[in-house]
Amino acid sequence: MGTCGNCAKGDLSITELTEARIQFIKQQILKKLRLSKKPAVAVPVNSLPMPVAQGQTLSHGTDKPPEFDDYYGRTEQKIIFPVEGECLTSGRYPFTCLQFELPPDVEPEEVTVVELWFYKERDPFDEYNQTFVISEAAHWDSQQQFKKTKPIAIKETDIGEGWVRVELAWAVRVWLEGRERLHTLHVACRTCQLRRAPLSFHEKHRPFLVLYTKYAGKRRQGRALECGSNTSECCREPLYVSFRELGWDDWIIRPAGYHAYFCKGSCLPISAVTKADSYHHNIIRKYFYSVSNDKRAEFKPCCAPTTFSSLQLLYMDSNNTVTQKTLPNMVVESCGCM
């Protein structure tokens, strides 16, 4: 990917070169995620709630993420699943409690959108829209004397059966500011006739919390000469990386793979490069003529990447938290003689 394909030494076969490039890409991904090896995931990816597995929570991102000048991946999304916890409050309406442990690496000012997703089961008494009241459970009052349930959102829905999304950004920012990681949500159905709130906890339908974080960057663009059967000059060659073939589909949720590309082809002699009229070639020319003749002979232009774009990953870590990160400089966009 980022290596100079035209400068490869030795008698490596095309298969060996491809394998070397893929191994390089694997190491890049792990390093940008700050991992030494792929995470040990306890929850199978194929048992995740359907919106997570199908990438529906990615709707707040862009199709092509903006570029930024950094090495490590940037977090754009955290998906947190409830942990087992006792509900210390009660109520007159059917309810259930969801306890979440907030990630330690998200700051309150970074959070833009927070959504609680839960799957509403069919209620045989459904005749009109149902109203859910989401509260912070077991919350101390202002005098720190007793615990109370503090409403933080009300959601009215006409969904008979399906996923319901509730915005909770303000409340979660307050939680993050308080530096307390464990919080319990009390979800009550004020209009339901059932004995319990109609929330599904089936593995494909279990509730989750999505935190979307700020992302700011700049785009870098470049035009690539694509390699073809009759192309011998420096060009961009396709290289598809399949996470399933790498054995990484047990922790990378989206995408299934991506087009990394690499550069290959011939370059003009250094004397021709230094005659070209561009800012980059002017820099080369100044350096070229500042060194001795012996040093000049060592100059051999190499076909290498000149611009890159990013890769968005949705993956599961060893803490069973789903994270969306954008990894910079993972896709070769254009090639040139360097």
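All figures in this text were calculated on a predicted structure; none of them were measured in a lab.

> Give me the lowdown on the sheet that holds strand 6 (residues 162-167), citing residues and values where you can.
The strand order 6-3-8-1-15-14-11 describes an open sheet built from seven strands, whose pairing is antiparallel. Two strands bound the open sheet, and with one partner strand each, they are strand 6 and strand 11 (252-254). With strand direction ignored, the average angle separating the axes of adjacent strands in the sheet is 30 degrees. Alignment of strand 1 (residues 74-80) against strand 8 (residues 208-213), held across four bridges, turns out to be antiparallel. Looking across to strand 8, one finds that Ile80 is bridged to Leu209. The strands touched by helix 1 (residues 14-32) within the sheet are strand 14 (303-316) and strand 15 (322-337), with strand 15 carrying the most contacts at an inclination of about 135 degrees. Strands in contact with helix 3 (residues 169-178) are strand 3 (111-120), strand 6 and strand 8; relative to strand 3, the strand with the most contacts, it is inclined by about 115 degrees.

> Lay out helix 3 in plain terms, naming residues and giving numbers.
One turn of an α-helix holds 3.6 residues; hence residues three or four places apart share an orientation. Listed in full, the buried residues belonging to helix 3 are Ala169, Ala171, Val172, Trp175 and Leu176. Along helix 3, the residues classed as buried sweep out an arc of 165 degrees about the axis, all on the same side. Exposed side chains of helix 3 directed beyond 90 degrees from the buried face belong to Trp170 and Glu177. The positive-phi residue at the C-terminal boundary of helix 3 is Arg179, with phi of around 65 degrees.

> So what's going on with the pairing of strand 14? Which residues, and what values?
Across the 14 residues that make up strand 14, a large majority, 13, are buried. Taken together, the two bridges between strand 11 and strand 14 define a ladder with antiparallel strand orientation. Bridged to Ile252 within strand 14 is Tyr315. Here strand 14 folds back onto strand 15, and the loop between the two strands holds five residues, one of which, Asn320, carries a positive phi near 60 degrees.

> Outline the state of the cysteines, listing residues and values.
Evaluation of the coordinates by the stated rule reveals five disulfides. Between the sulfur of Cys263 and that of Cys335 lies a disulfide, 2.0 Å long from S to S. The disulfide joining Cys263 to Cys335 has a torsion of about -85 degrees about its S-S bond and is therefore left-handed. Of the two residues, Cys263 is situated in strand 13 (residues 262-264) and Cys335 in strand 15; the sequence distance between them amounts to 72 residues.

> Report on the environment of Asp317, specifying residues and quantitative values.
Checked against the element boundaries, Asp317 lands in the loop between strand 14 and strand 15. Residue classification places Asp317 among the buried residues on the basis of a relative accessible area of 17%. For the pair Asp317 and Val43, spaced 274 residues apart in sequence, the C-alpha to C-alpha distance is 9.8 Å. Setting aside anything within four residues of it in sequence, one finds Asp317 in contact with Pro39, Val41 and Thr323. A distance of 2.9 Å separates a polar side-chain atom of Asp317 from the backbone nitrogen of Asn319.

Analysis parameters
Within any chain, residue numbers begin from 1 and follow the written order of that chain's sequence. Reporting in this predicted model follows two pLDDT cut-offs: at least 70 for local features of residues, and 80 or more for side-chain atom pairs to be given and counted; totals over whole chains, interfaces and linings ignore these cut-offs and use all residues. Side-chain numbers come from the whole structure's heavy atoms, not from hydrogens or water. For two strands to be treated as a pair, DSSP must find no fewer than two bridges joining them. Only DSSP runs of H or I covering at least 4 residues are called helices, and only runs of E covering at least 2 are called strands; the numbering of each starts at the N terminus. Inter-axis angles, ranging from 0 to 180 degrees, are taken between N-to-C directions of lines fitted to C-alpha atoms, where helices are fitted over the stretch in contact. We call two residues in contact whenever any of their non-hydrogen atoms come within 4.5 Å of each other. Only protein chains enter the accessibility calculation, which uses a 1.4 Å probe; a residue whose area is less than 20% of its type maximum is buried, one above 50% is exposed, and one in between is partly exposed. Think of the arc as the fan of directions from the helix axis to the C-beta atoms. The term disulfide is used for any two cysteine sulfur atoms that are within 2.5 Å. Residues adjacent in sequence count toward polar contacts only when both atoms are side-chain atoms; beyond that, a polar contact is any pair of N or O atoms within 3.5 Å, and within protein one must be able to donate a hydrogen and the other to accept it.

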